[in-house]
Amino acid sequence: MRDDATETLLTAARPLIDLALAEDIGRGDATSRAALDPKLEMCGRVVAKAPGVVAGLPVAEDVFLSVDPTVCFKPQVSDGQEVTPGELLALVTGPAASLLAAERTALNFLQRMSGIATLTRRFVDAVSTTGATILDTRKTVPGHRALDKYAVRMGGGHNHRHSLFDMALIKDNHVDAAGGIRPAVARVRERYPRLPVEVEVRDLAELGQALAVEPPLDRILLDNMDLATMRRAVAQAAGRVPLEASGGVTLAGVAEIAATGVDLISVGALTHSPPALDISMKVSHLHEPEPSETHRARVGRAKARLGDRLIILGHHYQRDEVIQFADLRGDSLQLARDAARAEAEFIVFCGVHFMAEVAAILTRPGQHVLIPDPTAGCYLADTATLEAVEAAWERLAVVTGDADATYTPVTYVNSSAALKAFCGRHGGVVCTSGNAPQVLRWALDRRPRLFFFPDQHLGRNTAHAMGFSAEQMLLWSVARPPDPDRIRAADIILWRGACNVHQRFRPADVGRVRQQHPGIRVIVHPECPRGVVELADDVGSTAHIINRIAAAEPGARWAVGTESRLVHRLQDQHPEQRIISLAAVPPFCATMGQITLQNLAFLLDRLLVGELVNEVRVEAETARWARLALDRMLALA
Ligand code: SF4
């Protein structure tokens, strides 16, 4: 059954689909009519040829059904999901002539909408360690506004006003004509008392006038201001009215704008100039076996032949077709324990690179850790490099006299081996989301203060649960390290890192699901922002979320704030309960998705002929110190 958002999208899309099909097919597809047997049925594979975010699958389906209602369209991913080159997006079966007649129009919609979603996701990721929200504008293709704005939401952005009627935006021309900001606002409010009102300001003097308006405005737009003026504007507004930055925002510059502290950034480029995502459709005869069947058979054969010499470890965020082959599945903590206990000669790690590194550090000589895609990294782990952490440590040493006597460094397991080794060398420790409270208590028993990296949210949420206040914590900025007084005043230093999956959940999501599903329980991962955790009914690691749902009574309803493959799997495993994603656009981890049945089958094929593909090794000295930090953690668990 289609949800309301999809129905709204299709209502807007149908006249455009009719127009596009009339334009493309007209009196009929001459080539297919002449060349194809009308009884011939085929299967089309819609495949991504570039990395990106998918949007518009329901529109593509509607195109095929408009051409021929007997066609069967089966999406293999969801709108909003990040995909990799070669990934299957949908299977379409039906009369070959119908598939080929609809193909171009369906792909045109899908490619443009996915292009918008992909570009939006890049902007969203660029500001994800700040509190800024990315907004679209009205710079949409005429007639396509609902589709363009839907695609922005699928990319993780938010919609600005839809049209001129649903929000008043008082610009400089309105202000000049009305004789000032105050009279312009008064006139709008008198005529449309319920309409949200935003005012555009050109300088700080106008900002002062806009801030003086009572009752306060809904939003103030800073038009084309430079970064220094924006920073002053943020200080002047002091959170009284949300500030929106606008004007010539580029991907290269958006992070600097977000770092000024503005609340919203509107980006015209999202919809006026998105590059289309490269997507194609290949058709084949229905009786040809699906490639995935072959891959499944290859993985099964390798497992049977290698027997006890092989163990496959799979993280909960892996794809279904991959995780089904995992001998052991778990979250980071469980998989670290499993790796340490494993006896097999070959450990194939279906997860991201830092997890395979942990396995390589914990295993014994003669064991080999392999990963199907060595480029499957972690956005969060990449927010902290050894160089940047060492520079921060040096500054802490200068300010306090002796960093090693003052701070226990704690790294979340989602970090490089080099950072784990840093912790090992400096008397520190590793933690996971499952044991963070225990580890932080241990760290604070040893030294008075804590330096926590790279996930600010896990650090903040755990410290709050332990009784620390926001004033006792300090967010470290690599670009602008805090001044000595603020460092001396803080008990806990938090790195400014965040997971780009869990960062997407917003407090507004909690309000929305509670309104749409009264009585639903909200359970979230501690990598979610503080505002989300505060509103949730329950917070805990991936294992905690799984266990809570497994123990719940039939009929229980959950909105879950974590990676969406796991959320979908939980719903499949517990059909007696209702389990949905907390976000309107369920977020998927793109790098976890880089492990596919194809690259797993390839790795195992090579293993069968004695070739070690993508072995993960950690340099001996780094491994020695990292192991020390990991062992300190495992001894606590
Ligand atoms: S879900 Fe977040 S923390 Fe986990 S691997 Fe993906 S990016 Fe990294």
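One can find the structure itself at the top, above this paragraph.
S.K.: How would you sum up the site of the ligand? Please name residues and give values.
M.R.: With respect to spatial proximity, the complete set of residues near the ligand consists of Y317, V352, C378, Y379, L380, N414, C499, N500, V501, E527, C589 and M592. Residues belonging to the shell around the ligand are distributed by class as follows: nine nonpolar, two polar and one charged.

S.K.: How would you sum up the nonpolar core? Please name residues and give values.
M.R.: Counting 109 residues, the largest nonpolar core has V348, L396, V410, F451, W495 and L604 as its most contacted members. For this core, the leading source of residues is helix α15 (residues 353-362), giving eight residues. Apart from residues lying up to four places away in sequence, L604 is in contact with V299, A302, L310, I312 and V348. Counting residues in each nonpolar core, the second largest holds 84 residues, with V83, V127, A245 and A258 among its members.

S.K.: Go over the packing of helix α4 (residues 96-126) against helix α5 (residues 145-154) with me, naming the residues and quoting the values.
M.R.: The N-to-C vectors of α4 and α5 enclose an angle of 45°; their axes lie 7 Å apart at closest approach. For the element pair α4 / α5, the angle class is oblique. Here the hand of the crossing between α4 and α5 comes out right-handed. The segment α4 lies against α5, with F109, R112, M113, I116, A117, T120 and R121 engaging L147, D148, Y150, A151, V152 and M154. Residues belonging to the contact of α4 with α5 are distributed by class as follows: nine nonpolar, one polar and three charged.

S.K.: Kindly report on the sheet that holds strand β24 (residues 557-561), identifying the contributing residues and their values.
M.R.: The strand order β23-β22-β24-β25 describes an open sheet built from four strands, whose pairing is parallel. Bordering the open sheet on either side are β23 (538-539) and β25 (578-581), each of which pairs with just one other strand. Two elements, strand β22 (residues 521-524) and β23, share two bridges in a ladder whose sense is parallel. Opposite I523, over in β23, you have D538 as the bridge partner. In the packing of helix α25 (residues 564-573) onto the sheet, the strands contacted are β24 and β25, and the crossing angle to β25 comes to about 170°.

S.K.: Outline the pattern of salt bridges, supporting the account with residue identities and numerical values.
M.R.: According to the stated counting rule, one finds 30 salt bridges in the structure shown. A salt bridge links R298 to D605, with the shortest nitrogen-to-oxygen separation between them at 2.6 Å. Remark: D605 occurs in helix α26 (residues 597-608) and R298 occurs in helix α12 (residues 291-306); sequence separation between them is 307 residues. Among the residues examined, D605 registers a relative accessible area of 16% and is labelled buried. In this structure, R364 engages E343 in a salt bridge whose closest nitrogen and oxygen atoms are separated by 3.4 Å. Of the two residues, R364 is situated in the loop between α15 and β16 (368-370) and E343 in the loop between α14 (332-341) and β15 (346-350); the sequence distance between them amounts to 21 residues. The exposure class assigned to E343 is exposed, which follows from its relative accessible area of 68%. It is possible to trace a salt-bridge network through shared partners that takes in D172, D176, R202 and E206.

S.K.: Which residues make up the pairing of strand β1 (residues 41-48), and what values do they have?
M.R.: Counting buried positions over the eight residues of β1 gives seven, a clear majority of the element. Of the strand pairs in this sheet, β1 and strand β5 (residues 88-95) are connected by seven bridges, and their pairing is antiparallel. Its bridge partner being in β5, R45 is matched across the sheet by L91. Direction of pairing for β1 relative to strand β12 (residues 279-285): antiparallel, over a ladder of seven bridges. Paired with C43 across the two strands is S284, which belongs to β12.

S.K.: How would you explain α5 if you had to name every residue and give the values?
M.R.: Every α-helical turn comprises 3.6 residues, leaving residues that sit three or four positions apart pointing alike. Here α5 lies mainly inside the structure; seven of its ten residues are buried. Among all positions in α5, only L147, D148, K149, Y150, A151, V152 and M154 are buried. Taken together, the buried residues of α5 touch α1 (4-25), β2 (52-53), α3 (57-67), α4 and α11 (269-272). Where α5 terminates, the next one or two residues include G156, which has phi positive at roughly 100°.

What counts and how
Residues numbered from 1 in each chain as written. Predicted model: local features only at pLDDT ≥ 70, side-chain atom pairs only at ≥ 80, totals over all residues. Heavy atoms only, no water. Near = heavy atom within 4 Å. Nonpolar A, V, L, I, M, F, W, Y, C, P; charged D, E, K, R; others polar. Core = buried A, V, L, I, M, F, W, Y, C linked by side-chain atoms within 4.5 Å. Buried < 20%, exposed > 50% of the residue type's maximum accessible area, 1.4 Å probe, protein only. Helix = DSSP H or I, 4+ residues; strand = E, 2+ residues; numbered from the N terminus. Contact = heavy atoms within 4.5 Å. Axes fitted to C-alpha atoms, helices over the stretch in contact; angles between N-to-C directions. Parallel < 35°, antiparallel > 145°, perpendicular 65-115°, else oblique. Left-handed = near helix turned anticlockwise from the far one by under 90°. Pairing = 2+ DSSP bridges. Salt bridge = Lys/Arg side-chain N within 4 Å of Asp/Glu carboxyl O.

Just geometry here; none of it tells us what the structure is for.
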